[in-house]
Amino acid sequence: MAMIFEQESRTFSEYLLIPNLTTRLCTPDRVDMTTGIVKYRKGVETCPLRINLPVTSAVMQAVSDSGLAIALARTGGLSFIFGSQSIASQAEMVRRVKKYKAGLVQSDSNIGPDSTLSDVLAVKARTGHSTVAVTDDGTANGRLIGIVTSRDYRMTRTPTDTPVKSFMTPLDHLVTGREGISLSEANDIIWEHKINQLPILSEDGRLVGMVFRKDYDDHKENPDELLDNQKRLMVGAGINSRDYTERVPALVEAGADILVIDSSDGFSQYQAETLQWIKQHNPEIKVGAGNVVDEEGFRYLVEAGADFVKVGIGGGSICITREQKGIGRGQASAVLEVAKARDAYFAETGIYVPICSDGGIVYDYHMTLALAMGADFIMLGRYFARFDESPTRKLLVNGTYVKEYWGEGSNRARNWQRYDDGGEAGKMAFEEGVDSYVPYAGKLKDNLDVSMAKVRATMCACGSVSIEELQQKARLVVVSATSIVEGGAHDVIQKESERHG
Ligand code: IMP
């Protein structure tokens, strides 16, 4: 006879937090948003891997490439670079994040010496950058010959077939810095010479990167940057339970700080075997597993060696797993049960295994709810897909700017093998994800700052200045359908139709 869970399957929007006493010491600037993301003996040792904000970006083609990973790590969160690409290109993305030096930008606006003004304009249109480097072979690390900025030509006077050599600022008129120079030295040169950018060159004249005046200022605005012990940005990567014997060593070699086995249903022998192989062959790397939605799934993965466990099936915005396969659980119920299992496991063994609530975050307050329900950190896809830094195209659709966002279980994502490896597209009888648009929302940092300000404010309302304290003190209530209506603006004629997240 089938077993039926007593509790209904509930989601975030069905809960609210009841405020606790807010003391004078409970202010947003005192809230500690750091969180441990791998297992440890709580109370005996400190967690060996902590992130500065409890947010991670989803293991998805439309979300986590090196560009988004850099932007997120600079604000204090962590990305997991998508695994639905060849091993070589995923490792290269990891490498790009690890090589990134705040303030030293690898130029992706480059042309060769035989280019013309029309090539310059095409590069500018593609990248949106106003400084174009001219190198001997047209690559980002070729020998620098000159640079072109909008001060070097007049759109109305300079014919578009004019050779770049005739109007660029040549190398001998440029101020440059030598590779190895510190950012503050580079900044001093920028100020001394009243220039906007400083090309950094290797000993043999190759372009290493550019320091821009505005980026240096930017750097000072990122006090929460997530750095490893060599002051490099931190980055994670997604793996699967098929090619791990090759993918894992390549990602470790590239410098990945943590891995996660990415699957919509992680309660499987395949994941246990993957974990066991990694623990035997690459014991230095931390690896999470998932996704699960109940105690049995959690225990299984923890006993197989998982360093953290990811929770959530079917709650993702682009996800149709529940409709297609009839498996899953409301995200709130899943997090509440797995958090209980984690606490029970800790009580028995003294080992605390962090859990990550993955998918289904729609409003900013859902982030706080997920943490209050016991998640140590959260993973988001749709949220990040909306920003400038996500890898997808920004389009104008019916007068509104949107970005593309598709599920990893959609045909579009699964076709990667055909394009990347020249192999067969994954044979699929049905899809588990859709291809969609999300409203464009601007820069990651601007949005995340606002979301985190809301989380901090709610934590203070709940009398908590750390995530652990919130988990212990939170008082949650299930809302009725009628009180959900009461919670939005009601019985007024709103001036703007926009909903605030
Ligand atoms: P979101 O933040 O609600 O957009 O959810 C993102 C999460 O959805 C990811 O981290 C995955 O766990 C999950 N996901 C990604 N692609 C698919 C898919 O194609 N089908 C089902 N779930 C997916």
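Described below are features of the structure shown in this document. (Residues numbered from 1 in each chain as written. Predicted model: local features only at pLDDT ≥ 70, side-chain atom pairs only at ≥ 80, totals over all residues. Heavy atoms only, no water.)

## Regarding the sheet that holds strand S5 (residues 55–57)
Right, on to step 1. The eight strands lie next to each other as S5-S6-S15-S16-S17-S18-S20-S21, forming a closed barrel whose pairing is parallel. Neighbour to neighbour, the strand axes of the sheet diverge by 30 degrees on average, direction disregarded.
Right, on to step 2. Sheet topology note: the strand S18 (residues 308–311)/strand S20 (residues 355–358) ladder contains three bridges and is parallel. In the sheet register, Val 309 faces S20, and the bridge partner there is Ile 355.
Right, on to step 3. Sheet strands touched by helix H6 (residues 244–254): strand S15 (236–239) and strand S16 (258–261). Its angle to S15, the strand with the most contacts, is close to 175 degrees. (Pairing = 2+ DSSP bridges. Helix = DSSP H or I, 4+ residues; strand = E, 2+ residues; numbered from the N terminus. Axes fitted to C-alpha atoms, helices over the stretch in contact; angles between N-to-C directions. Contact = heavy atoms within 4.5 Å.)

## Focus on the state of the cysteines
Here, disulfide denotes a covalent bond that connects the sulfur atoms of two cysteines.
Right, on to step 1. Under the definition given, this model contains zero disulfides.
Right, on to step 2. This cysteine, Cys 26, is not joined by any disulfide, and Cys 460 carries the nearest cysteine sulfur, 4.3 Å off.
Right, on to step 3. Taking relative accessible area as the criterion, Cys 26 reaches 6% and is therefore assigned buried.
Right, on to step 4. Its sulfur unpaired, Cys 462 is 9.0 Å from the next cysteine sulfur, which belongs to Cys 26. (Disulfide = S-S within 2.5 Å. Buried < 20%, exposed > 50% of the residue type's maximum accessible area, 1.4 Å probe, protein only.)

## A look at the site of the ligand
Right, on to step 1. Close to the ligand lie 22 residues, the nearest being Ser 317, Asp 358, Tyr 405, Gly 409 and Glu 432.
Right, on to step 2. Note that an oxygen atom of the ligand is positioned 2.7 Å from one of the side-chain N or O atoms of Ser 317.
Right, on to step 3. One of the side-chain N or O atoms of Asp 358 is found 2.5 Å from an oxygen atom in the ligand.
Right, on to step 4. Coverage of the ligand by the protein amounts to 91% of the 500 Å² it exposes when considered alone.
Right, on to step 5. Of the residues contributing to the shell around the ligand, the split by class is seven nonpolar, 11 polar and four charged. (Near = heavy atom within 4 Å. Polar contact = N/O pair within 3.5 Å; in protein donor to acceptor, adjacent residues only side chain to side chain. Areas by Shrake-Rupley, 256 points an atom, 1.4 Å probe, with all protein chains shown as cover. Nonpolar A, V, L, I, M, F, W, Y, C, P; charged D, E, K, R; others polar.)

## Digging into the pairing of S20
Right, on to step 1. Residues Ile 355 and Ser 357 of S20 are buried on one face, and the alternating residues Cys 356 and Asp 358, pointing to the opposite face, are buried as well.
Right, on to step 2. Here S20 runs beside strand S21 (residues 377–380); their pairing, made up of three bridges, is parallel. Among the inter-strand pairings, Ser 357 is bridged to a residue of S21, identified as Ile 378.
Right, on to step 3. With helix H11 (residues 364–372) bridging S20 and its parallel neighbour S21, the resulting β-α-β unit is right-handed. (Right-handed = clockwise from strand over helix to strand, strands pointing away.)

## Some details on the sheet that holds strand S23 (residues 400–406)
In a beta sheet, neighbouring strands are held together by backbone hydrogen bonds and run either parallel or antiparallel to one another.
Right, on to step 1. Taken in spatial order, the three strands of this open sheet run S22-S23-S24, and their pairing is antiparallel. With one partner strand each, in any of the chains shown, strand S22 (394–397) and strand S24 (435–439) form the two edges of the open sheet. Strand after strand, the sheet turns through a mean of 45 degrees between neighbouring axes, direction not considered.
Right, on to step 2. Two elements, S22 and S23, share four bridges in a ladder whose sense is antiparallel.

## Remarks on the pattern of salt bridges
Right, on to step 1. The full count for this structure, using the stated rule, is 26 salt bridges.
Right, on to step 2. One salt bridge connects Arg 143 with Asp 136, and the closest N-O pair in it is separated by 4.0 Å.
Right, on to step 3. Using a relative accessible area of 36% as the deciding quantity, one classes Asp 136 as partly exposed.
Right, on to step 4. Ionic pairing is found between Lys 279 and Asp 307, a salt bridge with its closest N-O pair at 2.6 Å. With Lys 279 in helix H7 (residues 269–281) and Asp 307 in the loop between helix H8 (295–303) and S18, the pair connects residues that are 28 residues apart, well separated along the chain.
Right, on to step 5. Among the residues examined, Lys 279 registers a relative accessible area of 29% and is labelled partly exposed.
Right, on to step 6. Where salt bridges share partners, they join Lys 98, Asp 228, Arg 232 and Asp 257 into one cluster. (Salt bridge = Lys/Arg side-chain N within 4 Å of Asp/Glu carboxyl O.)

## A few points about a nonpolar patch on the surface
Right, on to step 1. Together, Leu 16, Ile 18, Tyr 365 and Val 477 line one region of the surface with nonpolar side chains, adding up to about 300 Å² of accessible area.
Right, on to step 2. By the secondary structure assignment, Ile 18 is in the loop between strand S1 (15–17) and strand S2 (35–36).
Right, on to step 3. Taking relative accessible area as the criterion, Ile 18 reaches 35% and is therefore assigned partly exposed. (Patch = residues over 30% accessible without salt bridge, like charges linked within 9 Å, V, L, I, M, F, W, Y side chains within 5 Å.)

## Some details on the packing of aromatic side chains
Right, on to step 1. For the coordinates displayed, the defined rule picks out 13 aromatic pairs.
Right, on to step 2. An angle of 85 degrees between the planes, with centres 6.5 Å apart, marks the rings of Phe 298 and Tyr 345 as edge-to-face. Taken together, the positions of Phe 298 in helix H8 and Tyr 345 in helix H10 (residues 331–349) put the pair 47 residues apart, joining distant regions of the chain. In terms of burial, Phe 298 and Tyr 345 fall into one category: buried.
Right, on to step 3. Aromatic pair Phe 308 and Phe 377: ring centres 5.4 Å apart, planes at 65 degrees, arrangement edge-to-face. Of this pair, Phe 308 sits in strand S18 while Phe 377 sits in strand S21, and the two are 69 residues apart along the sequence.
Right, on to step 4. Owing to a relative accessible area of 1%, Phe 308 belongs among the buried residues under this scheme. (Phe/Tyr/Trp six-rings, centres within 6.5 Å; stacked < 30°, edge-to-face > 60°.)

## A look at the nonpolar core
Right, on to step 1. Grouped together as the largest cluster of nonpolar side chains are 111 residues, with contacts concentrated most on Leu 259, Phe 298, Val 309 and Phe 384.
Right, on to step 2. Element by element, the count of residues in this core is highest for H10, at seven residues.
Right, on to step 3. Discounting chain neighbours no more than four positions away, the residues touching Val 309 are Ala 289, Val 292, Phe 298, Leu 301, Val 302, Val 353, Pro 354, Ile 355 and Cys 356. (Core = buried A, V, L, I, M, F, W, Y, C linked by side-chain atoms within 4.5 Å.)

## Let's talk about the side chain of Asn 222
Right, on to step 1. Within the fold, Asn 222 resides in the loop between helix H5 (213–220) and S15.
Right, on to step 2. Given the relative accessible area of 7%, Asn 222 is considered buried.
Right, on to step 3. Apart from the residues lying within four places of it in its own chain, the contact partners of Asn 222 are Arg 74, Thr 75 and Lys 445.

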